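Here is how the chains run, residue by residue.
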Amino acid sequence: MKSLHTEILIAKHLKNAVFKNSAVFIITLFIGIILLYAAFSGWENYTNQNQTSEKYQHESREDWLKNPDKNPHRMAHYGNFAFRKSTPLSVFEFGMEPFFGNAIFLEAHKQNTANFSEAGFSNSILRFGEISIAMVLQILLPLLIFFLGFNAVAAERENGTLKLLLSQGINWKQLLIGKILGIANVIMLLFVPTIIVLVFIWLLLQDFSISADETIKMVLFILFHFIYLMFFCVIAVLISASSKTSKKALISLIGIWLVFTIILPRTTQAIGAYIYEAPSKIQFQGDIEKDILKQGDSHNPNDLHYKAIKDSLLSVYKVDSVQKLPFNYSGFIMTEGEKISSKIYNRHLETLLRLYEKQNSFSKTVSFFNPYIAIKNLSMGLSNTDYDSYINFQKQAEDYRYNMAQKMNALQVKYISNKKLGPNDKPLTINKEHWADVAEFHYEPKGIREVLKSEIISVLSVILWIIMLLVLIRIASKNLKAI
Amino acid sequence: MLALLFKNFIRSKGTKIGLIFLLIIGFISLLVGQQFQQKQQNNIKEAVNYQKEHIARNTAFHKDEIGLLLYYIKFSLVNKTLPINSLAIGQHDINPSIQTVTIRGLEAQKYNTELNNPNNLLSGNIDFSFVLIYLFPLLIISFSYNLVSEEKESGTWKIVATQSENTFLYILKLFYIRILSLILLFTIILFIAVLFLGIPFDKSLLAFYGLGILYILFWFSVSFFIVSLQKDSNFNAVILLTIWLFLIIILPAIINTYVVNKYPVPEALELTVKQRNAYHEKWDVDKKITMDKFYNHYPQFRHYALPESEFSWLWYYAMQQAGDDDSAQQSQELENKLQQRNKASQFIAQFIPTLHTQIQLNEIAKSDLGNQLLFLKETKQFHEKLRLYFYPKIFNNAAVAKENWSKFKVKTFNDPSEINFAKAFLPLLIFNLLLISLGWMRFRNSK
């Protein structure tokens, strides 16, 4: 392999020149402080959130178990909670977390909304965004790279030193790669310490006992961010090399940065939301209610669907009234009702989620043109703070709810007598031992395989960006002129 | 002279592209606002229809048990969205504008959220306030970062200096035409908005307009100050963009993180766990305890004695009431925390013009946290009124048919808070004056 002697020399030269500029020192120091603040506040936020949700998950479980003997249907209404827990990587990437509801109340007959999101408790400051390590790496460092790199080649051209360099036997490819390495070198002075701190915090949060899954996610998190930053080093040098003056280079680079990080993410998502208009809650729930009524309304004594069930039960068991059935009739009816209503609910939810996917598809596709969206989606996926993770949490909660409700119905069918109570009879109960039969809600975040599967577009676009930039360096080295 | 300068400014390709881009995106923001407005209106229509059908259906099913009927019936309260809300959507996409509640325990219903795609919430709306707060400054910066410096770099400054007797006046004129064109653009978009979205000419619109102009002037003042430092164009561009970055991205993010960490709200989860237990445990304790609590809260219902039977609606609603009463403390704490959050961030925002403008625009449009808190309070009163109306009927088991159900229409909440012009305008005014005088002094001294 050819030695990179010349390139390294150019890189060193650029780095020295950069550090002669006192402004760079100040900016670097400043970004360092922001990184520390982001790490600290991310940590605080994470521990707050997880401690609270663990505390109340535990407390509500104890409460559930403490219930005395009662009718299982009472317990189905007593219900359970699903509290959302964050994964360690979310210390560095908040993603959509502030907009996620943190608690879902799970009870019979009813799919409740996920409530208590940070956003619901904040004023509009939140909408300006949050400061996290990922935000610094994804938004601020690229701009710093552009500020460092805009005159990498253009200034040499303006000074006339470019001709000198090229006439000394250095070719364009060496020059470009040297400059790229030089900027990367400066950025690594920020990136490497950040990663060291990051890994340390990450280990600390898990008490140094890490799973393979979390480790792969962490490694990919670092790797993708490294590649992402390299993209910007390459873009900076290429634009600088193809601009007549450093001012033009600077303006183009600022434009690119604005489009990538501010304008495109917002507009593409807004276009998706504008074209595919999502229903509001009142409409969504109204439609579900209508469909359930069409299927059969268990509250309506004359409902055809339930009357048919009743008649067929009576004829199979050869009895003349539901009280004579060998099991609890109303428990049986509720089992049926729960089955129907959650089937209908899930069908409507599927439709809604497909619509959301369509809304998101615009910004997902744009990741091919915009590495910022690609990295943002990847890092949110890895830190379990993306759209899919949230839907996944809600689905796990709904599965739990359904099983809990049906378990209580089954207990009622099996253990509660069928006789009609008089107005002064005590309600029929079952032993409280049964409450422990319903396991505690446990949220399992998506594994790395699923994350990569749902973010496949982003992975592909990162690969395409690598190829494209390599090709561009080749083309540029052949076609660039010194003047 | 002024006309020539203007011609020179407007002829440049960059200027035209910038202005047209802003006009188009401004127009898009109005479309987004219109869609938001329609969605809100549809929701209200939907709520009105739903309530009518829903009450009719349930009154038909549960003809002889008003207690059971009211277990099911839901009543809606609408948080009125002003037309101007479409210009600053604020938190109205996150917080539901309609609360639908039964007369059972309120704490279990009050915090229900709107259905949302979190992706949309994260990226935010392109409403007009976004265009004004994020994009206008960028255009202002691009119009003014190279004033003077560009002429110095290209060598034409010397000609200007020798030809005009007062170079400072010349610089002012350069700014004047730029300020005028952007204010004109702002006015045009706002005027279209007024026609397009049916925004009435009132105090809110005036405040919105005033705030917008002060905000535009703020960014010109910043540019004016930076230009007065008389550095080269590259330096100006970098420093202005850095200021933009600070005011729009870094500082708001830091402050938000600070406020969130300073005032965490574990009360929310505590409240939800507490109210569940408070209600459900009453099924298993002596009825007398529940009833005593209930009579203490509502002495006027003391004469309704608990019936002998195992179950009665009086007891049931007393249990539901207990869920709210026993968790009232947590509920109050949560409300106080949110008030504190809102106050703290509003206070800090006064020192950061971008944040201040956004919050004030949302306040004017009644779409911020303050409005939401008032709406929650109103929901509580709405709910209480219904309870007080229905409790005696339930306890007497009044005939369902005798009640005039059609009078239970969807109610609307009008946020009564007044616009405080001083609070809205002063911070920006002070910043503007400060920056202009600093810039003025710089120019004076440099001559």
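Residues numbered from 1 in each chain as written. Chains lettered and ligands numbered in written order. Predicted model: local features only at pLDDT ≥ 70, side-chain atom pairs only at ≥ 80, totals over all residues.

Across its full length, chain B holds 17 helices and 3 strands. For chain B, the C-alpha radius of gyration of 29 Å lies well beyond 22 Å, the compact-globule estimate for 447 residues. A principal-axis box enclosing the C-alpha atoms of chain B has dimensions of 105 × 40 × 35 Å. Across the 447 residues in chain B, those meeting the buried criterion constitute 45%. Taking all contacts inside chain B whose residues are at least 6 apart in sequence as the whole, residues at least 24 apart take part in 86%. (Helix = DSSP H or I, 4+ residues; strand = E, 2+ residues; numbered from the N terminus. Rg over C-alpha atoms; globule rule 2.2 N^0.38 Å. Buried ≥ 20, exposed ≤ 12 C-beta atoms within 10 Å, placed from the backbone. Contact = placed C-beta atoms within 7 Å.)

As a further point, take the interface of chain B and chain A. Across the boundary between the two partners, chain B contributes 73 residues, which contact 81 residues of chain A. The set of elements that each furnish at least two residues to the side of chain B that touches chain A consists of helix 2 (13-61), helix 4 (118-123), helix 5 (128-144), helix 10 (233-262), helix 11 (266-280), helix 14 (328-349) and helix 15 (353-364) of chain B. A per-element tally of the side of chain B that touches chain A places helix 10 of chain B first, with 17 residues. Here the side of chain B that touches chain A is built from residues that sort into 38 nonpolar, 26 polar and 9 charged. (Nonpolar A, V, L, I, M, F, W, Y, C, P; charged D, E, K, R; others polar.)

Take unusual backbone geometry next. Positive phi, close to 65°, is recorded for His109(A), a residue that is not glycine. Inspection of the secondary structure assignment puts His109(A) in the loop between strand 2 (103-107) and strand 3 (110-115). On the basis of neighbour count, His109(A) is assigned to the partly exposed category, with 14 C-beta atoms found within 10 Å. Backbone geometry at Asn397(B) places phi at a positive 45°, although glycine is not the residue there. Mapping Asn397(B) onto the fold places it in the loop between helix 16 (369-395) and strand 3 (411-413). Classification of Asn397(B) as partly exposed rests on a count of 15 C-beta atoms within 10 Å.

Before going further, it helps to examine the sheet that holds strand 1 (residues 75-79) of chain B. Residue and element names in this part refer to chain B. Here 3 strands make up an open sheet; going across it, the order is 2-1-3 and the pairing mixed. The open sheet has two free edges, formed respectively by strand 2 (98-101) and strand 3, since each of these has just one partner strand. On average, adjacent strands in this sheet sit at an angle of 25° to one another, irrespective of strand direction. Pairing geometry for strand 1 and strand 2, over 4 bridges, is antiparallel. (Pairing = 2+ DSSP bridges. Axes fitted to C-alpha atoms, helices over the stretch in contact; angles between N-to-C directions.)

Turning next to the UniProt feature "domain: ABC-2 type transporter transmembrane" (unreviewed entry) in chain A. In the numbering used here, UniProt assigns the feature "domain: ABC-2 type transporter transmembrane" (unreviewed entry) to residues 128-263 of chain A. Its end C-alpha atoms 13 Å apart, residues 128-263 of chain A is made of 83% helix and 0% strand. (UniProt positions renumbered as here; feature names shortened; annotations may be inferred.)

Before going further, it helps to spend a moment on the UniProt feature "transmembrane region" (unreviewed entry) in chain B. Mapped onto this structure's residue numbering, the UniProt feature "transmembrane region" (unreviewed entry) falls at residues 128-148, 175-199, 205-227, 234-255 and 424-443 of chain B. In residues 234-255 of chain B, helix accounts for 100% and strand for 0%; the two terminal C-alpha atoms are 30 Å from one another.

Time to look at the domain arrangement of chain B. All names here are of chain B. For chain B, the assigned domains are domain 1 (2-24 + 128-248 + 424-446) and domain 2 (29-125 + 262-416). Here the C-alpha centroids of domain 1 and domain 2 sit 46 Å apart. Across the contact, 25 residues belong to domain 1 and 23 residues belong to domain 2. Breaking the side of domain 1 that touches domain 2 down by element, the ones donating at least two residues are helix 5, helix 8 (167-197), helix 9 (203-228), helix 10 and helix 17 (421-446). Residue contributions to the side of domain 1 that touches domain 2 peak at 7 residues, all from helix 9. Looking at the side of domain 1 that touches domain 2, its residues break down into 22 nonpolar, 3 polar and no charged. (Domains from an automatic or database assignment.)

Once that is clear, we can look at the nonpolar core. By size, the foremost hydrophobic cluster in this structure holds 194 residues, and its most contacted members are Ile145(A), Phe146(A), Ile183(A), Cys233(A), Ala236(A) and Val237(A). If you tally residues by element for this core, the top one is helix 9 of chain B, at 15 residues. Looking at which domains feed residues into this core, each of domain 1 (2-24 + 128-248 + 424-446) and domain 2 (29-125 + 262-416) of chain B supplies at least three. Sequence-distant contacts of Ile183(A), that is, excluding residues within four places in its chain, are made with Leu14(A), Ile145(A), Leu148(A), Gly149(A), Ala152(A), Cys233(A), Ala236(A) and Val237(A). Of all hydrophobic cores here, the second largest spans 23 residues; its members include Ile55(B), Met291(B), Leu386(B) and Ile394(B). (Core = buried A, V, L, I, M, F, W, Y, C linked by C-beta atoms within 7 Å.)

Once that is clear, we can look at the packing of helix 14 of chain B against helix 16 of chain B. All names here are of chain B. At a minimum axis distance of 10 Å, the contact between helix 14 and helix 16 shows a crossing angle of 160°. If you check the angle between helix 14 and helix 16, you find them roughly antiparallel. In this structure, the crossing between helix 14 and helix 16 has a hand that is left-handed. Counting all contacts with helix 14, which are made through Glu-335, Leu-338, Gln-339 and Asn-342, the residues of helix 16 involved are Leu-369, Gly-370 and Leu-373. (Parallel < 35°, antiparallel > 145°, perpendicular 65-115°, else oblique. Left-handed = near helix turned anticlockwise from the far one by under 90°.)

Next up on the list: the pairing of strand 1 (residues 80-83) of chain A. Residue and element names in this part refer to chain A. Residue alternation in strand 1 divides its side chains into two sets, Asn-80 and Ala-82 and Phe-81 and Phe-83, and both sets are buried. Bridge count between strand 1 and strand 2: 4 bridges; the pairing is antiparallel. Bridging across to strand 2, Phe-81 finds its partner in Phe-105.

All names here are of chain B. Among the secondary structure elements, Phe-294 is positioned in helix 12 (residues 287-297). On the basis of neighbour count, Phe-294 is assigned to the buried category, with 24 C-beta atoms found within 10 Å. Contact partners of Phe-294, with chain neighbours within four places excluded, come to Ala-318 and Gln-321.

What follows covers the UniProt feature "transmembrane region" (unreviewed entry) in chain A. Residue and element names in this part refer to chain A. According to UniProt, the positions carrying the feature "transmembrane region" (unreviewed entry) are residues 21-40, 131-155, 176-204, 216-239, 251-276 and 456-476. In residues 176-204, helix accounts for 100% and strand for 0%; the two terminal C-alpha atoms are 41 Å from one another. Within the segment residues 456-476, helix and strand shares are 100% and 0% respectively, and the terminal C-alpha atoms sit 30 Å apart.

One turn of the α-helix equals 3.6 residues, which is why residues spaced by three or four share an orientation. Residues and elements named next belong to chain A. The end-to-end C-alpha separation of helix 16 (residues 456-479) is 34 Å, in line with the 34 Å expected for 24 residues at 1.5 Å each. Along helix 16, the residues that are buried comprise Ser-458, Ser-461, Val-462 and Trp-465. Against helix 8 (212-242) and helix 13 (371-382) lie the buried residues of helix 16. (Expected span 1.5 Å × (residues − 1).)

Turning our eyes to something else, we now look at the sheet that holds strand 3 of chain A. All names here are of chain A. One open sheet accounts for 3 strands, arranged 1-2-3; its pairing is antiparallel. Two strands bound the open sheet, and with one partner strand each, they are strand 1 and strand 3. Strand-to-strand twist in this sheet, taken as the mean axis angle between neighbours without regard to direction, amounts to 20°. Each of strand 1, strand 2 and strand 3 is contacted by helix 14 (residues 387-415), which is oriented at about 20° to strand 2, the strand it contacts most.

Turning our eyes to something else, we now look at the packing of helix 2 of chain B against helix 5 of chain B. All names here are of chain B. Running from N to C, helix 2 and helix 5 point in directions that differ by 175°, and their axes come no closer than 10 Å. Here helix 5 runs roughly antiparallel to helix 2, going by the angle between their axes. Across the interface between the two elements, Gly-14, Thr-15, Gly-18, Leu-22, Ile-25, Gly-26, Ser-29, Leu-30 and Gly-33 of helix 2 pack against Phe-128, Phe-130, Val-131, Leu-135, Leu-139, Ser-142 and Phe-143 of helix 5. Among the residues forming the contact of helix 2 with helix 5, the class breakdown is 9 nonpolar, 7 polar and no charged.

Across chain B, pLDDT averages 93, with 100% of residues at or above 70. Across the interface, the model reports ipTM at 0.91; the global pTM reads 0.93. (pLDDT = per-residue confidence, 0-100.)

Two faces belong to every sheet, and in a regular strand the side chains alternate between them. All names here are of chain A. Relative to strand 3, strand 2 runs antiparallel, the two sharing 4 bridges. Its bridge partner being in strand 3, Glu-107 is matched across the sheet by Lys-110. Taken together, strand 2 and the strand that follows it, strand 3, pair antiparallel across an intervening segment of 2 residues, in which His-109 is found at a positive phi of about 65°.

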